[in-house]
Amino acid sequence: MTPEVPALDDVDRGREVPSPEAERAFAQGWALVATDLDGTVIPRDRPVSARTLAAFAACAAAGVPVVPVTGRPPRWVTPLAEEAGLGGQVVCANGAVVYDLDAGRVVLEHPIAPDVLREVVARLRPVLPGIGFALEAVAGFRREPQYATRFDGGLEQRVAAFDELVVDAPPVVKILAKCPGVLSDEMVALARGELDGLVNVTHSNAADSLIEIMAAGVSKATTLAEVAAGRGVGAGQVAAFGDMPNDLEMLRWAGRSYGMADGHPEARAAADDVAPACGEDGVAQVLERLLSWRGR
């Protein structure tokens, strides 16, 4: 069952809504766009819109690069980046990887230590019966038989019991875990209670039964900060967009952030403001407004 998304008034009650003047002032020093992809600029039922592509191109022409910051692995990012006309670096796997689209290679990765992989599995199996695990590496992924795939079926490097998955495994950047019948929000709450301090736990789809686990201290925000610093850009110059709990750290870090109107209530609450829904080209609408105020 899909959890009910509270109305905006329920999420924003008691929170100060920034004035247009604050957004206008931000636009004067704005230097980088950081945006999630799925559910933020990619609607679930259609490709990136022409309006969004035009907004990205206009930002680039104005000297404001667009950096995708996504939970997707590199193999899922390249075709989309080509469609969107994006180049340069992409933050992938919720901050565990930075992929250079122009060079076609990984330039940074934050793997999870093998002993931590085993500890995560040992702690979660008792509290989430029926759970299945997959291990995402830069070079591909491996999974247990009970971890059902929807997108990468047939591309697995190995399908086996967990102990066999970790044998000679390449560096693992993300653990994926599914537990049918338990929604992602509940899975995250249970997993954080068991894994506090050991790893970073999040999810990117409230209607699913899937959590994503990265090394401790690794998030979209931490790695985006590294990428931005490499361009001489500070947090106060970044406009960030997101819709799910895996965007929370990024939304809190950026100088100006927007949760999508149709996104998870936690994302809206973490952001400075709310952008129109993904299907209404919400990111494009905000970028157009920021560009109109730039230099005024």
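In this text, all values refer to a predicted model and were calculated from it rather than measured experimentally.

## Quick word on the packing of aromatic side chains
Part 1 of the reasoning: Applying the stated criterion across every chain yields a total of two aromatic pairs.
Part 2 of the reasoning: Centroid distance Phe241 to Tyr258: 5.0 Å. Interplanar angle 15°. Geometry classified as stacked. A residue pair is termed long-range when its members are at least 10 positions apart, and Phe241 in strand β12 (residues 238-242) and Tyr258 in strand β13 (residues 256-260) qualify at 17 residues. Like Phe241, the residue Tyr258 is buried in the burial classification.
Part 3 of the reasoning: The cationic tip of Lys178 hangs over the ring face of Tyr147; the distance from NZ or CZ to the ring centre is 4.7 Å.

## Some details on the confidence of the model for the chain
Part 1 of the reasoning: Predicted confidence across the chain gives a mean pLDDT of 91, with 92% of residues reaching 70 or more.
Part 2 of the reasoning: Across residues 1-17, where pLDDT falls below 50, the model places 27 contacts with residues more than four positions away in sequence or in other chains.

## With respect to helix α2 (residues 20-29)
Because an α-helix completes one turn every 3.6 residues, residues spaced three or four positions apart along the sequence face the same direction.
Part 1 of the reasoning: Buried within α2 are the following residues: Glu23, Phe26 and Ala27. Considered in projection along α2, the buried side chains sweep an arc of 105° and stay on one side of the axis. Away from its buried face, by an angle of more than 90 degrees, α2 presents the exposed residues Glu21 and Ala25.
Part 2 of the reasoning: Where α2 is buried, its residues meet β12, β13 and α11 (282-293).

## Here's the deal with the sheet that holds strand β3 (residues 89-92)
Part 1 of the reasoning: What the three strands build is an open sheet, ordered β3-β4-β5; its pairing is antiparallel. Strands at the two margins of the open sheet, each flanked by one partner only, are β3 and β5 (105-109). The mean inter-strand angle of the sheet, taken between neighbouring strand axes irrespective of direction, is 25°.
Part 2 of the reasoning: As paired elements, β3 and strand β4 (residues 97-100) share four bridges and run antiparallel to each other.

## What to know about the nonpolar core
Part 1 of the reasoning: Grouped together as the largest cluster of nonpolar side chains are 67 residues, with contacts concentrated most on Trp30, Leu124, Ile211, Ile213 and Leu287.
Part 2 of the reasoning: Counting residues in each nonpolar core, the second largest holds 20 residues, with Val91, Val227, Ala228 and Leu251 among its members.

## Here's the deal with the environment of Val233
Part 1 of the reasoning: Mapped onto the elements of the fold, Val233 is located in the loop between α8 (220-230) and β12.
Part 2 of the reasoning: As a C-alpha pair, Val233 and Ala31 span 202 residues in sequence and 6.8 Å in three-dimensional space.
Part 3 of the reasoning: Among all residues touching Val233, those that are not within four sequence positions of it are Ala31, Leu32, Ala228 and Val238.

## Structural notes on the packing of helix α5 (residues 114-127) against helix α7 (residues 184-195)
Part 1 of the reasoning: Where α5 meets α7, the closest approach of the two axes is 10 Å, and the angle between their N-to-C directions is 130°. As summarised for this structure, α5 and α7 are arranged oblique, according to the angle between their axes. Classified by chirality, the crossing of α7 by α5 is right-handed. When α5 is examined against α7, the residues Val120, Arg123, Leu124 and Val127 are found in contact with a partner set consisting of Leu190, Ala191, Glu194 and Leu195.
Part 2 of the reasoning: Across the contact of α5 with α7, the residue classes tally to six nonpolar, no polar and two charged.

## Structural notes on the side chain of Asp208
Part 1 of the reasoning: Mapped onto the elements of the fold, Asp208 is located in the loop between β10 (199-202) and β11 (210-215).
Part 2 of the reasoning: Asp208 gets classed as buried once you look at its relative accessible area, which sits at 15%.
Part 3 of the reasoning: Once residues within four sequence positions are removed from consideration, Asp208 is found in contact with Arg150, Val182, Leu183 and Ser184.

## Observations concerning the packing of helix α3 (residues 50-61) against α11
Part 1 of the reasoning: The interhelical angle for the contact between α3 and α11, taken along N-to-C directions, is 30°, at an axis separation of 9 Å. Taken as axis vectors, α3 and α11 run roughly parallel relative to one another. Classified by chirality, the crossing of α11 by α3 is left-handed. In this structure, α3 uses Arg51, Thr52, Ala55, Phe56, Ala58 and Cys59 to contact α11, whose residues at the interface are Val283, Ala284, Gln285, Leu287, Glu288 and Leu291.
Part 2 of the reasoning: Across the contact of α3 with α11, the residue classes tally to eight nonpolar, two polar and two charged.

## Quick word on the pattern of salt bridges
Part 1 of the reasoning: Applying the stated rule across the entire model yields 13 salt bridges.
Part 2 of the reasoning: The closest approach of N and O atoms between Arg289 and Glu23, which form a salt bridge, is 2.6 Å. Of the two residues, Arg289 is situated in helix α11 and Glu23 in helix α2; the sequence distance between them amounts to 266 residues.
Part 3 of the reasoning: The exposure class of Glu23 is buried, given its relative accessible area of 3%.
Part 4 of the reasoning: Across the pair Arg51 and Glu288 runs a salt bridge, and its minimum N-O distance is 2.7 Å.

The rules behind each value
Residues numbered from 1 in each chain as written. Predicted model: local features only at pLDDT ≥ 70, side-chain atom pairs only at ≥ 80, totals over all residues. Heavy atoms only, no water. Phe/Tyr/Trp six-rings, centres within 6.5 Å; stacked < 30°, edge-to-face > 60°. Helix = DSSP H or I, 4+ residues; strand = E, 2+ residues; numbered from the N terminus. Buried < 20%, exposed > 50% of the residue type's maximum accessible area, 1.4 Å probe, protein only. Lys NZ or Arg CZ within 6 Å of the ring centre and 35° of its normal. pLDDT = per-residue confidence, 0-100. Contact = heavy atoms within 4.5 Å. Arc of directions from axis to C-beta. Pairing = 2+ DSSP bridges. Axes fitted to C-alpha atoms, helices over the stretch in contact; angles between N-to-C directions. Core = buried A, V, L, I, M, F, W, Y, C linked by side-chain atoms within 4.5 Å. Parallel < 35°, antiparallel > 145°, perpendicular 65-115°, else oblique. Left-handed = near helix turned anticlockwise from the far one by under 90°. Nonpolar A, V, L, I, M, F, W, Y, C, P; charged D, E, K, R; others polar. Salt bridge = Lys/Arg side-chain N within 4 Å of Asp/Glu carboxyl O.

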